[in-house]
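For reference, the chains in residue letters:
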Amino acid sequence: CARAHSRYKRTRDHEVIGVPELKERLIAKTPSVKSKPPPICPKHEDEKLKFFCETCQHPICRDCTVLQHKDHNYSYLTDVVSDFKKKITEGLKTVMPKITECRDAASTVAKKQAELESRSKKAAD
């Protein structure tokens with residue numbers, strides 16, 4: 001790949017890197033939830049969505065906490081996102097072995113089906 005890039009005028013000045021290095025760069029560039037600026041509230045254009053209404057189950061801004069959601073329970077959005085990530089990760093740990101088990105079962109079924117079709121053909125001949 002590197003030699004081919006160096007031969008052609010259009011790609012001669014490209015930087016050629018290996019897959020592991022590319023993965024590291026992509027991971028380093030992937031922003032975390034806290035590094036992204038919070039989205040803007042659709043109801044209050046100057047306010048950022050910094051809170052999560054536990055009662056309504058959606059993000060809200062500071063003004064929303066006082067006006068539309070004053071008697072509701074709410075938390076910081078970043079905390080709620082972290083908790084959801086943990087729950088999803090835990091759920092995946094539980095589900096992954098079952099997915100593997102289902103894939104193995106599907107593979108066994110496919111092999112048995114092919115075997116049955118082969119026997120059926122031989123019996124028909």
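See the structure above.
Residues numbered from 1 in each chain as written. Predicted model: local features only at pLDDT ≥ 70, side-chain atom pairs only at ≥ 80, totals over all residues. Heavy atoms only, no water.

Caption draft 1: View of the side chain of E47. With respect to the secondary-structure elements, E47 resides in the loop between α2 (19-29) and β1 (49-53). By relative accessible area, E47 is classed as buried at 15%. Within polar-contact distance, the side chain of E47 engages the side chain of R62 at 2.9 Å. (Helix = DSSP H or I, 4+ residues; strand = E, 2+ residues; numbered from the N terminus. Buried < 20%, exposed > 50% of the residue type's maximum accessible area, 1.4 Å probe, protein only. Polar contact = N/O pair within 3.5 Å; in protein donor to acceptor, adjacent residues only side chain to side chain.)

Caption draft 2: Highlighting the sheet that holds strand β3 (residues 74-76). With respect to topology, 3 strands assemble into an open sheet ordered β2-β1-β3, the strand pairing being antiparallel. Edge positions in the open sheet fall to β2 (58-61) and β3, since each of these has one partner strand only. The average undirected angle you get between the axes of adjacent strands in this sheet is 45 degrees. Strand direction decides the pairing type here: β1 and β3, joined by 3 bridges, are antiparallel. What sits directly across from C53, in β3, is Y74. (Pairing = 2+ DSSP bridges. Axes fitted to C-alpha atoms, helices over the stretch in contact; angles between N-to-C directions.)

Caption draft 3: Looking closely at unusual backbone geometry. For Q57, which is not glycine, the phi torsion reads 65 degrees and is therefore positive. Its location among the elements puts Q57 in the loop between β1 and β2. Look at Q57 and you get partly exposed, because its relative accessible area is 46%.

Caption draft 4: Fine view of the packing of aromatic side chains. One pass over the structure, following the stated rule, counts 3 aromatic pairs. With a centroid separation of 6.2 Å and 80 degrees between ring planes, the pair formed by F52 and F84 is classed as edge-to-face. Separated by 32 residues along the polypeptide, F52 in strand β1 and F84 in helix α4 (residues 77-124) bring together distant segments of the chain. Using a relative accessible area of 38% as the deciding quantity, one classes F84 as partly exposed. (Phe/Tyr/Trp six-rings, centres within 6.5 Å; stacked < 30°, edge-to-face > 60°.)

Caption draft 5: Structural detail: the pairing of β2. Two strands pair when backbone bridges link them, and β1 and β2 are joined in this way by 4 bridges, in the antiparallel orientation. Bridge assignment links F52 to a residue of β2, and that residue is P59. Remark: 4 residues form the turn of the hairpin made by β1 and β2, two consecutive strands paired antiparallel; Q57 in that turn has positive phi of roughly 65 degrees.

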